[in-house]
Amino acid sequence: MKTIHLSPRLQMVADMVAQQKKNGWLVDVGTDHAYLPAWLLQEHREQFAYIIATDLRRGPLDRARQTAREAGCGEDIDFRLCDGLAAVDPREADIIVIAGMGGETIVHILKSACWAPDWWLGDGPMEDKVLVLQPMSSMPELRDWLQRSGFRIEEERLAKEGETLYTALLVRAGEMAPLRPAELWAGKNTGAPLRGEWLDQWIARTGRALEGMARARGEETASRRWALEEVRSGLVEMKKEWEQWQR
Ligand SMILES: C[S@@+](CC[C@H](N)C(=O)[O-])C[C@H]1O[C@@H](n2cnc3c(N)ncnc32)[C@H](O)[C@@H]1O
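Just so we're clear, the structure is a prediction, and the values are computed from it rather than from any experiment. (Residues numbered from 1 in each chain as written. Predicted model: local features only at pLDDT ≥ 70, side-chain atom pairs only at ≥ 80, totals over all residues. Heavy atoms only, no water.)

K.L.:
It is not clear to me how the side chain of Arg172 should be interpreted in this structure. Could you clarify?
P.N.:
Structurally, the position occupied by Arg172 is in strand E7 (residues 164–173). At a separation of 3.4 Å, a polar atom in the side chain of Arg172 contacts the side chain of Gln20. (Helix = DSSP H or I, 4+ residues; strand = E, 2+ residues; numbered from the N terminus. Polar contact = N/O pair within 3.5 Å; in protein donor to acceptor, adjacent residues only side chain to side chain.)

Okay, here's the thing in structure tokens:
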């Protein structure tokens, strides 16, 4: 039997899933190689009552089946070919993982599956449901959509692979204090050891974006530049707070 080893990014996601309630029904959306469900079954089999792995494309789903067979859990994962959660009944999911995808795709999946708090409130105890989201891009847009759509980001973690930093969000239905512009970009991962580096990265990125806008003219550009300057100064402030907190 092949032992599954996860990359730091996927390990972060797996650890967030593993800390959830026992006996849950898990859906891994966009599973690709199915490394996540296979690792969870190898390490925490007793914790999951049922695991569904979905993917939009047949190729990744075939790879997923192969991983599961090699890892000795081929019979324990229910593979479904679909867009996001389209072939998953809401009652089949306590924990929903959407990892390794752009923030816009994650929003599309959540929106089109009607996994909104309204539904959670109407059909079962919403506090039992959890989303673990690991966006690769469009993070401000994702956080903004979550807060406008009745979701609460409970925790954010960071992981590093090579020089690249990744974030993962633990989300439930519910209200949260509105995120400030800089928090929409960098999140509220205040306890993460990599936060200093993470903030540096966003400060540098917003700085480059502002440089790129420097020569552009027009009212729209001016308001975009103003908004980005606000984000950048918020990030710089967050970095200072982080440094003080480290002393
Ligand atoms: C980069 S892989 C990420 C795999 C794994 N979740 C991870 O984090 O390592 C993205 C996978 O999501 C799948 N995917 C993209 N859009 C999807 C959608 N709307 N619904 C289901 N799967 C999707 C792709 O086919 C691909 O297999």
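K.L.:
Hey, could you run me through helix H1 (residues 8–18) in this one?
P.N.:
In an α-helix, one turn spans 3.6 residues, which is why side chains three or four residues apart end up on the same side. Summarising burial for H1: 8 of the 11 residues are buried, a large majority. All buried positions along H1 are accounted for by Arg9, Leu10, Met12, Val13, Ala14, Met16, Val17 and Ala18. (Buried < 20%, exposed > 50% of the residue type's maximum accessible area, 1.4 Å probe, protein only.)

K.L.:
What is the right way to read the site of the ligand from this model?
P.N.:
In the neighbourhood of the ligand, 17 residues make up the surrounding shell, with Arg9, Gly30, Asp55, Asp83 and Gly84 lying closest. Here a nitrogen atom of the ligand and a backbone polar atom of Leu56 are 3.2 Å apart. Side-chain polar atom of Arg57 to an oxygen atom of the ligand: 3.2 Å apart, as the coordinates give it. Considering the ligand on its own, with 600 Å² of exposed area, one finds that the protein chains cover 81% of that surface. (Near = heavy atom within 4 Å. Areas by Shrake-Rupley, 256 points an atom, 1.4 Å probe, with all protein chains shown as cover.)

K.L.:
Would you explain the packing of H1 against helix H2 (residues 35–44) in this entry?
P.N.:
Taken N-terminus to C-terminus, the directions of H1 and H2 make an angle of 50 degrees; their axes are 10 Å apart at the nearest point. Comparing their axes, H2 and H1 come out oblique. Where H1 crosses over H2, the handedness of that crossing is right-handed. Where H1 abuts H2, its residues Leu10, Gln11, Val13, Ala14, Asp15, Val17 and Ala18 lie against Tyr35, Leu36, Trp39, Leu40 and His44. Here the residues of the contact of H1 with H2 sort into 9 nonpolar, 2 polar and 1 charged. (Axes fitted to C-alpha atoms, helices over the stretch in contact; angles between N-to-C directions. Parallel < 35°, antiparallel > 145°, perpendicular 65-115°, else oblique. Left-handed = near helix turned anticlockwise from the far one by under 90°. Contact = heavy atoms within 4.5 Å. Nonpolar A, V, L, I, M, F, W, Y, C, P; charged D, E, K, R; others polar.)

K.L.:
What exactly am I supposed to notice about the domain arrangement of the chain here?
P.N.:
A common way to state how big an interface is: give the accessible area lost once the parts meet. Here the domain parsing of the chain yields domain 1 (8–177) and domain 2 (195–246). For domain 1 and domain 2, the distance between their C-alpha centres works out to 30 Å. At the junction of the two partners, domain 1 supplies 7 residues and domain 2 supplies 5 residues. The contact between domain 1 and domain 2 buries some 510 Å² in all, and 71% of this surface belongs to carbon and sulfur atoms. When the buried area of domain 1 at its contact with domain 2 is split by residue, Met139, Leu158 and Leu165 rank highest and sum to 75% of it. (Domains from an automatic or database assignment. Buried area = accessible area lost by both parts, 1.4 Å probe.)

K.L.:
I keep staring at the pattern of salt bridges and nothing clicks. Help me out?
P.N.:
Opposite charge on two side chains permits them to pair, given that their charged atoms come into close proximity. If you walk through the whole model with that rule in mind, you get 17 salt bridges. Note that Asp32 is salt-bridged to Arg63, the shortest N-O span being 2.8 Å. Of the two residues, Asp32 is situated in the loop between strand E1 (24–29) and H2 and Arg63 in helix H3 (residues 58–70); the sequence distance between them amounts to 31 residues. A relative accessible area of 28% means that Asp32 is categorised as partly exposed. (Salt bridge = Lys/Arg side-chain N within 4 Å of Asp/Glu carboxyl O.)

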